[in-house]
Amino acid sequence: MAAASILCTLGTDAHRGLATSEAANRLLQFGANEILRLRRPGPWSILARQFRSVMILILLVAGAASAATGDYKDALAIAAMVVLNVALGFRQEYRAERALEALERLSVPHARVLRSGSVETVPARELVPGDVVLLEAGNLVPADLRLIEAHILRTNESILTGESQTVEKEVECLSAEEAPLGDRTNMAYLGTTVTYGRGAGIVVHTGKNTELGRISSMIQEVEERPTRLQILLDRLGRKLALAALAVVAIIFSINLLRGEELRVLFLTSISLAVAAVPEGLPTVIVIALALGSQRMLKRHALIRQLTAIETLGAVTVICSDKTGTLTENRMTVTRAFTNGRNVDLRDRKRADPELSLLLACGALSTDVAASSGNQDTHGERWSGDPTEIALVRAAESFGLGKEFLERILPRVDEIPFDARRKRMTTLHRIAVPEAVAALIPLEAASMSAGATHLTISKGAADGLVDRVTSVWSGEGTEPLTEVWGQRIRAANEEMASAGSRVLGVAFRLSNRGPGSSEEMERDLVFLGLVGMLDPPRPEVKGAVETCKSAGIRPIMVTGDHPLTARSVAQELGIGDGETVLTGNEISRLAGEDLARQAFGFAVCARVAPEDKLALVEALQASGHVVAMTGDGVNDAPALAKADVGIAMGRTGTDVARQAADIVLEDDNFATIVAAIEEGRAIYDNIRKFVRYLLTCNSGELWVVLLAPLAGMPLPLTPLQILWMNLVTDGLPALALGLEPAEPDTMRRPPRPPYEALLGVRRGFSILTIGLLLGVTALLGGYRLWSARQPEWQTAIFTVVTLSQLGLALGCRSESASVFRLGLTSNKPLLGAVVATFALQLLLIYVPFCQIAFGTRPLPLFELGICLALSTLAFWGIELEKLMRRMRKLSS
């Protein structure tokens, strides 16, 4: 709409603003200009939700059973596990709440508005549609505004669009009705920053109706989903609970019919029920994840939600923001064209005379100033427009400091940048002719002819053409011929097609001081072009290759221009220059069509926050596990929705960090790859010790189930069962969680998203190896029982316990032999095995322990037999792995 039409629609006068009384009425009608939060569940409601987990319920039953048998130590240990798990879940519920609080901190406290013909400073929350707001450099925009005045006005909209370049604003109508947010040059948005110039705008949206408010609503609407690990553990918990109840019921019935004492049988059944369910599993998993997060912290990844690191190991797609994630988030001069030559500044160690002149003139013709505050995260000490800062840093990198240049060539006049002229011109007095002549190769004839001033003009190449009459060729000037014009246009198009922002620089020597703008910009000499972009991080290309080898699809999702996005993606190896999917195209697609299209594209550009959210939802609906990276407010809804949200710690906003699961403290995409490897290793270890725990518990159940069939009495006492359960869930299980990543961890595809934690093959292995353990233990005790030796029960107890130590060693890998891994590659596990073996000997040979656990000392010969029998389960696992390797080789 034209500005005049908007003024008419909103009943506003551009020169007087709203009447104070009308503003008060509209405040009642539209409400305060602030982002309101929906009603959130209270602490007690959040706490109650934590007890819906099947594993938590099983733990509570196991704790009650332990207390009923008088085993208060075990009951207290289980209670501690419950508290730990509930506390972690309770903490995670506040993530979205903190993200919204961070959004509120972006609100602007005050604004300058026209009310009843005078300029007033009012609280920003009192702004209403129709207010005329005045803007100047340094202001935060207090609402969504349609601009009606723009005097060299530029804003930084990176929190909404992700683009590092400032946006030049104008008041003219847009030609496109559905222009992406980054192309709406006649709008200014709440929370963005005015970096240059001044202007005025009419408030068109306030509070929840602003772009920032819509993002807030999207964050609130994102539902928290359980992680895949939580889903798998819940499923496993249900199956284990049913299986344990069935087996214990069978054992209870058989032994009751055989005439066993009811009290002992009841205690044994409860002990078996506790033993059948690995109540230490949630705690072992939490400890494994916590240790993994500590390792990741050393590699600059802060894990805000423990289960996220395991989920990251299952990621199939990484939707990565460009600015600040794949790139350095600062404009940098990378290329130049001068004296008819294209120059790559990244390959240059020294500047030749022509390049020195180009860079010096570029740095002088800027309004950059030394920052009064601390350096930013990049060590930047300049403040101003990012494009101009890039020019100053480029000159500095070749020894042409801005302070020194301004000392020998102080500015005496200027013509500010104008969007219509597309250029800025400055006039400098030659204060130190000798230094200038030594520094930059100005024509000696001109210097000796009494040149006292240097005019510099910079801007779009087409904006300089009308004022340029000659070209600098290194040795002097040449007329601007058609040939030179074609060379300049070709260089300009080449840089622009590579995604660079291109500026032309021209100059003129004269012996006249300040004058009219027409005089200052007459007969300029074209000096060259500079191309600048936000350069890719050097380590990202290797990280992208690792992702591909691990079966992970990287997709760049950015608010930047498609040409720039495609150029950066090609340089990093994300895609091969194929067509870019735009935000407008995403908004027209839905469901399976969107997921199919998105997965086929490597680059999505000019995307709005709702486009990112729709993209993540479509990929998830297609069965993908999605990681989303970002740093701006515009990324927050998608970060919250993704299976794993990854925010930048150094350049990211508070909103993005609070909505994410993982924060990269070094803003390094390569750190994500390290986290993926860690996540895969942790999941492997979780599966290893789940298999270990269930195999051990299966062996104990087989012993008690098969003994009556062999005519034997109950082979184990309740306390012995609880001791073995403690041994299984204790040090060996924890040490398995420290197993290093296997060599092929990042050379295999991601696991299927909803793959069972164990599956049929592993379930069969658990039952068969458990059966082998149970039969072996009964054989060891049956010989002594049939000979009426009193230590028969101790022999069974010993074989079962020591077999579990062998199983811990055998479960270190799914396929590799322990002897190939080396016994010392997991020293904590080796130490746990030795310590547990020593404790078992104490239970057998120390009189006090014999009384407590009902054991009898074993003769050394019998102990040796027990040791030999206890290795059979270990050899069973090793044989199983050997057969698997042979099948793999044959296939």
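What you see is a predicted model; the values in this text were computed from it and never measured.

## Thoughts on the overall build of the chain
And step 1. Helix and strand counts for the chain come out as 37 helices and 26 strands.
And step 2. In the chain, of all internal contacts separated by at least 6 residues, the share reaching a separation of at least 24 is 74%.
And step 3. Taken as a whole, the chain presents about 36700 Å² of accessible surface, with 58% of it coming from carbon and sulfur.

## What about the environment of Trp785?
And step 1. Looking at the secondary structure, you find Trp785 in helix α31 (residues 759-786).
And step 2. What makes Trp785 partly exposed here is its relative accessible area of 26%.
And step 3. Between the C-alpha atom of Trp785 and that of Met712, which follows or precedes it by 73 residues, the distance is 8.0 Å.
And step 4. Every residue in contact with Trp785, bar those within four places of it in the chain, is listed here: Ala710, Gly711, Met712, Pro713 and Trp792.

## Here we look at the pattern of salt bridges
And step 1. Overall, the coordinates contain 28 salt bridges when judged by the stated rule.
And step 2. Across the salt bridge formed by Arg489 and Glu482, the nearest N and O atoms sit 3.0 Å from each other.
And step 3. On the accessibility criterion, Arg489 (43% relative accessible area) is partly exposed.
And step 4. A salt bridge links Glu880 to Arg691, with the shortest nitrogen-to-oxygen separation between them at 2.5 Å.

## Things to note about the nonpolar core
Looking at soluble globular proteins, one finds that nonpolar side chains tend to be buried together.
And step 1. With 104 residues, the main nonpolar core has Leu312, Ile318, Ile662, Phe669, Tyr692 and Ile796 as its most contacted residues.
And step 2. Not counting chain neighbours up to four residues away, the residues in contact with Ile796 comprise Val703, Met712, Pro715, Leu716, Ala777, Leu778 and Gly781.
And step 3. Grouped together as the second largest cluster of nonpolar side chains are 40 residues, Met331, Val368, Leu454 and Ile456 included.

## Re the environment of Glu519
And step 1. Mapped onto the secondary structure, Glu519 falls in helix α20 (residues 517-520).
And step 2. Dropping the residues within four chain positions of it, Glu519 is found in contact with Arg508 and Arg512.

## Brief notes about the sheet that holds strand β9 (residues 317-320)
And step 1. Taking strand neighbours across the sheet as the criterion, the eight strands line up as β8-β26-β25-β24-β9-β21-β23-β22 in an open arrangement whose pairing is mixed. This sheet does not close on itself; its edge strands, each paired only once, are β8 (301-303) and β22 (581-582).
And step 2. Bridge analysis of strand β24 (residues 626-630) against strand β25 (residues 644-648) gives four bridges, and the strand direction is parallel. Within β25, the position partnered with Ala627 by the bridge is Val644.
And step 3. Where helix α25 (residues 609-621) meets the sheet, it contacts β9, β21 (553-557), β23 (603-605) and β24, and its direction lies at approximately 160 degrees from that of β24.

## Looking at the packing of helix α32 (residues 792-810) against helix α36 (residues 860-870)
And step 1. The geometry of α32 relative to α36 is characterised by a closest axis approach of 8 Å and an angle of 40 degrees between their N-to-C directions. When the axis of α32 is compared with that of α36, the two are oblique. α36 is crossed by α32, and the crossing has right-handed handedness. Contacts between α32 and α36 pair Ala795, Thr798, Val799, Leu802 and Ser803 from the former with Cys866, Leu867, Leu869 and Ser870 from the latter.
And step 2. Residues of the contact of α32 with α36, tallied by class, amount to six nonpolar, three polar and no charged.

## Remarks on helix α28 (residues 669-709)
What sets the pattern is the α-helix's 3.6 residues per turn: residues three or four places apart point alike.
And step 1. Taking 1.5 Å of rise per residue, 41 residues should cover 60 Å, and α28 covers 60 Å from first to last C-alpha, within 8% of that figure.
And step 2. A large share of α28 lies buried, amounting to 37 of its 41 residues.
And step 3. Phi turns positive one or two residues past the end of α28, at Gly711, with a value near 80 degrees.

## Looking at the pairing of strand β2 (residues 118-123)
And step 1. Note: strand β1 (residues 110-115) against β2, six bridges, orientation antiparallel. Counterpart to Leu114 in the pairing with β2 is Val119.
And step 2. In this antiparallel pair of consecutive strands, β1 and β2, the connection spans two residues, and Ser116 shows a positive phi of 55 degrees.

Parameters and conventions
Residues numbered from 1 in each chain as written. Predicted model: local features only at pLDDT ≥ 70, side-chain atom pairs only at ≥ 80, totals over all residues. Heavy atoms only, no water. Helix = DSSP H or I, 4+ residues; strand = E, 2+ residues; numbered from the N terminus. Contact = heavy atoms within 4.5 Å. Areas by Shrake-Rupley, 256 points an atom, 1.4 Å probe, with all protein chains shown as cover. Buried < 20%, exposed > 50% of the residue type's maximum accessible area, 1.4 Å probe, protein only. Salt bridge = Lys/Arg side-chain N within 4 Å of Asp/Glu carboxyl O. Core = buried A, V, L, I, M, F, W, Y, C linked by side-chain atoms within 4.5 Å. Pairing = 2+ DSSP bridges. Axes fitted to C-alpha atoms, helices over the stretch in contact; angles between N-to-C directions. Parallel < 35°, antiparallel > 145°, perpendicular 65-115°, else oblique. Left-handed = near helix turned anticlockwise from the far one by under 90°. Nonpolar A, V, L, I, M, F, W, Y, C, P; charged D, E, K, R; others polar. Expected span 1.5 Å × (residues − 1).

Shape is all these values report; function is a separate question.
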